[in-house]
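Remarks on the overall topology
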Amino acid sequence: MASSERAADADAVSTEETTQVLEFGLGDETYCLDIAYIDEIVDAGDLTAIPNSPRHVEGVMDLRGKTTTIIDPKTLLSVTGSGARERIIVFDPEEVDDGGTVGWVVDEVFQVRDVPADQVDEATTAGDDSVRGIVKGDDRFVVWVEPRTE
C-alpha cells in the first residue's frame, strides 16, 4: 500500500471517530452537546410562564411562529451556580423525540469543536443517562451531556 493510501485510510478513521460538539456554560462549568441535536442558537428573550408546569420548564417563547418550550438544564442536570442566561440552544425536533420545539437556556455559548473518541472518558459517568462522558483536553474537563427535555 502506498503511503498516500495509508494516509487517506488514517484520515478516514480519524474522521469517523470525531464528533462535533457545541461547548456552553452553566454556572461555573463547561458542558457540551453533539451538534447533531441542535437546530439553532438564539438570544434569550422574554418567556411566558406556564402555570403548574414542571420545575425544569422555564416557559415558552415565540420562535419564528413556533411555540418553543424553554427548559432550564441546570434543574435537569442538578447544576448549581448562576450565570447570565444569555442564549437558548434550540434542539432539532426530529432528533429530540419530544414532539415539539424545545430549547435549553444556557449562560453562554463558547464554541463548536471536534472531539476525537479517544478524548472521551465514558467510564466516569456511573450509569447516568444524562451524561455521555467527560471530554479531556486543554488542561480541563468538559461534561458531554445528552439533550434531555424532562
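Look up: the structure comes first, before these words.
Residues numbered from 1 in each chain as written. Predicted model: local features only at pLDDT ≥ 70, side-chain atom pairs only at ≥ 80, totals over all residues. Heavy atoms only, no water.

**Points about the overall build of the protein**
How we decide: The helix count covers DSSP runs of H or I at least four residues long, the strand count covers runs of E at least two residues long, and both are numbered beginning at the N terminus. Only protein chains enter the accessibility calculation, which uses a 1.4 Å probe; a residue is then buried when its area is under 20% of its type maximum, exposed when over 50%, and partly exposed in between. Note on definitions: a residue-residue contact is assigned when non-hydrogen atoms from the two residues lie within 4.5 Å. All accessible areas in this document rest on Shrake-Rupley with a 1.4 Å probe, and a residue is counted as covered only by the protein chains that are shown.
Check the secondary structure of the protein and you find two helices and 11 strands. When the helices and strands of the protein are read in sequence order from the N terminus, they spell out α-β-β-β-β-β-α-β-β-β-β-β-β. By the burial criterion, 37% of the 150 residues in the protein qualify as buried. The contacts of the protein with a sequence gap of at least 6 include a subset with a gap of at least 24, amounting to 55%. As displayed, the protein offers around 8700 Å² of accessible surface, 43% of which is attributable to carbon and sulfur atoms.

**Remarks on the pairing of strand β5 (residues 66-71)**
Put simply, the test is: If DSSP finds at least two bridges between two strands, the strands pair.
Sheet topology note: the strand β4 (residues 57-63)/β5 ladder contains six bridges and is antiparallel. What sits directly across from M61, in β5, is T68. The turn joining β4 and β5, which pair antiparallel and follow one another in sequence, is formed by two residues; a positive phi near 55° is taken by R64. For β5 and strand β7 (residues 101-106), the ladder comprises four bridges, and the chain directions are parallel. Residue pairing for β7: I71 is matched across the bridge by W104.

**Observations concerning the sheet that holds strand β3 (residues 38-43)**
Counted only if it meets this: Lines fitted to C-alpha atoms define the axes here, with helix axes fitted over just the stretch in contact, and angles between the N-to-C directions of these axes take values from 0 to 180 degrees.
Read from one edge of the open sheet, five strands run β3-β6-β7-β5-β4, paired in mixed fashion. Looking along the sheet, the strands with just one partner apiece sit at the ends: β3 and β4. With direction set aside, neighbouring strand axes in the sheet form an average angle of 30°.

**Focus: the pairing of strand β2 (residues 29-34)**
For β2, the buried fraction is high: five of the six residues fall into the buried class. With six bridges connecting them, strand β1 (residues 18-26) and β2 associate as antiparallel partners. What sits directly across from G25, in β2, is T30. Two strands pair when backbone bridges link them, and β2 and strand β11 (residues 140-145) are joined in this way by two bridges, in the parallel orientation. Looking across to β11, one finds that C32 is bridged to W144.

**A word on the sheet that holds strand β10 (residues 131-137)**
Taken in spatial order, the six strands line up as β8-β1-β2-β11-β10-β9 in an open sheet, and their pairing is mixed. This sheet does not close on itself; its edge strands, each paired only once, are β8 (108-116) and β9 (120-121). Here eight bridges tie β1 to β8, and the two strands are oriented antiparallel to one another. Counted as the bridge partner of F24 is V109 from β8.

**Things to note about the packing of aromatic side chains**
Cut-off, in case you're wondering: Note on aromatic pairs: the rings of Phe, Tyr and Trp (six-membered ring only in Trp) are paired at centre separations within 6.5 Å, and the planes decide the class, stacked below 30 degrees, edge-to-face beyond 60, tilted for the rest.
Per the stated rule, a full pass over the model turns up three aromatic pairs. On the basis of an interplanar angle of 25° and a centroid distance of 6.2 Å, the ring pair of F24 and Y31 is categorised as stacked. Like Y31, F24 is buried. Judged by centre distance (6.2 Å) and plane angle (70°), the rings of F24 and W104 are edge-to-face.

Spatial relationships are all this shows, so hold off on functional conclusions.
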